[in-house]
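Descriptive analysis of the structure
In case you want the letters, here they are:
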Amino acid sequence: MTIVPPAPGEPRRPAGPRNPGDAWVVAPTGEKYWGRFGAAGLLAFDPNRGVLLQHRVAWSHFGGTWGLPGGALHEGESAIVGALREAQEEAGVPDGAARARFTSVLDLGIWSYTTVIADVHEPFEPVISDPESVALEWVPIDEVADRPLHPGFEASWPELRELLTVRPSVVVDAANVVGSVPDGWWKDRAGAAARLRSDLADLSVPAEDLGLGGTRWFPEVSLIVEGKARALGDSEDGVAVAATGALTIPTAAVAVIRAPASGDDAIVEDAARRVADGQTVFVVTSDRELRVRAEGVGAKVASVRWLRGLING
């Protein structure tokens, strides 16, 4: 591979058209940050193997340290897509192998870096696919801090490690949410439930709404349907993806639960199961009785208005 000679400390890139994002941003105080449009990296977490780390080549910025596969964003590119693209270029991370759980953004005003934390659901072996890596390894989370870490990653790692144990989920009272908008849902309850499922497939929640660290979360979602709404068809739209070209990374996942009898009973049962599994559970309903029952099994309750606000942006 032909390498374009870099300026001192600049990451080397293959020969070819230079992306306008591949440039330094210089702060008034002199600090330099790589990525004209900001930068992003992928923290791929495999519960059986740990975190995927990249040993940076000596000539790179902070060479010799360990950090996350990542780099400069392209103009107009989302942080999730940019993190995946860089991880594919630098570590051969397969398309669709990991599901985004949350993001953590360092925003300095003149420049920002987004860490995309993603759970591996299709195990893979990383491949050194460009000259910026000396090695790529799955490092157990208890051993990450023992490595000489990139300063930015070292500063963020304690909080990120703590958040790796957090798994929020949202259990949605479909009848209550659908019934909150007079759009003719009563004429086609299954169709209204299907539209709600589609709306929930790209659910992104600000961390402060959940009382969690990080910046935005992509929680697992259970949509509980009852009565005629149970007739909604199966769909492959239950997983949203952030995509550009051939790059995709799953984000929010929606599971439809068809209540055999009482929808409230099914909601409480699902919430209790998730709480027992260690998840931070939010039940979405404006029904007072259901609120009390949900809180009784350890779930938190969010209003239908809150969810509608997220859906409508």
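Reading guide: rules and limits
- Residues numbered from 1 in each chain as written.
- Predicted model: local features only at pLDDT ≥ 70, side-chain atom pairs only at ≥ 80, totals over all residues.
- Heavy atoms only, no water.
- Buried < 20%, exposed > 50% of the residue type's maximum accessible area, 1.4 Å probe, protein only.
- Helix = DSSP H or I, 4+ residues; strand = E, 2+ residues; numbered from the N terminus.
- Pairing = 2+ DSSP bridges.
- pLDDT = per-residue confidence, 0-100.
- Contact = heavy atoms within 4.5 Å.
- Expected span 1.5 Å × (residues − 1).
- Polar contact = N/O pair within 3.5 Å; in protein donor to acceptor, adjacent residues only side chain to side chain.
- Core = buried A, V, L, I, M, F, W, Y, C linked by side-chain atoms within 4.5 Å.

Here we come to the pairing of strand 12 (residues 168-173). Strand residues, when the strand is regular, have side chains that alternate between the two faces of the sheet. The buried fraction of strand 12 amounts to six of the six residues, a majority that puts the element mostly inside the structure. Where burial is concerned, the two faces of strand 12 agree: the one with P168, V170 and V172 and the one with S169, V171 and D173 are both buried. Of the pairings in the sheet, the one linking strand 12 to strand 18 (residues 280-284) comprises five bridges and is parallel in character. Among the inter-strand pairings, V171 is bridged to a residue of strand 18, identified as V283.

Note that predicted coordinates carrying low pLDDT should not be read in detail. Averaged over every residue, the pLDDT of the chain is 88; the share at 70 or more is 88%. Below pLDDT 50 for its whole length, residues 1-9 participates in 20 contacts with residues either more than four positions away or in separate chains. Contacts for the low-pLDDT stretch residues 236-246, under 50 throughout, to residues beyond four places or in other chains number 28 contacts.

So, about helix 4 (residues 189-200). Taking 1.5 Å per residue, twelve residues should reach 16 Å; helix 4 reaches 17 Å between its end C-alpha atoms and fits that length. Within helix 4 the residues assigned to the buried category are A190, G191, A192, A193, L196, R197 and L200.

Glancing now at the environment of S129. Locating S129 in the fold gives a position in the loop between strand 10 (112-120) and strand 11 (133-139). On a C-alpha basis, the gap between S129 and Q88 in space is 8.1 Å, while along the polypeptide they are 41 residues apart. Within the structure, the side chain of S129 is placed 3.3 Å from the backbone oxygen of Q88, a separation counted as a polar contact.

Let us look at the nonpolar core. The biggest cluster of nonpolar side chains holds 48 residues, and the ones touching the most others in it are L43, F153 and V172. Top element by residues in this core is helix 4. It accounts for five residues. Here V172 is in contact with V177, L196, L200, V221, S222, L223, I224, V284 and L307, once residues within four sequence places are set aside. Counting residues in hydrophobic clusters, the runner-up holds 22 residues, among them L73, I80, V93 and A97.

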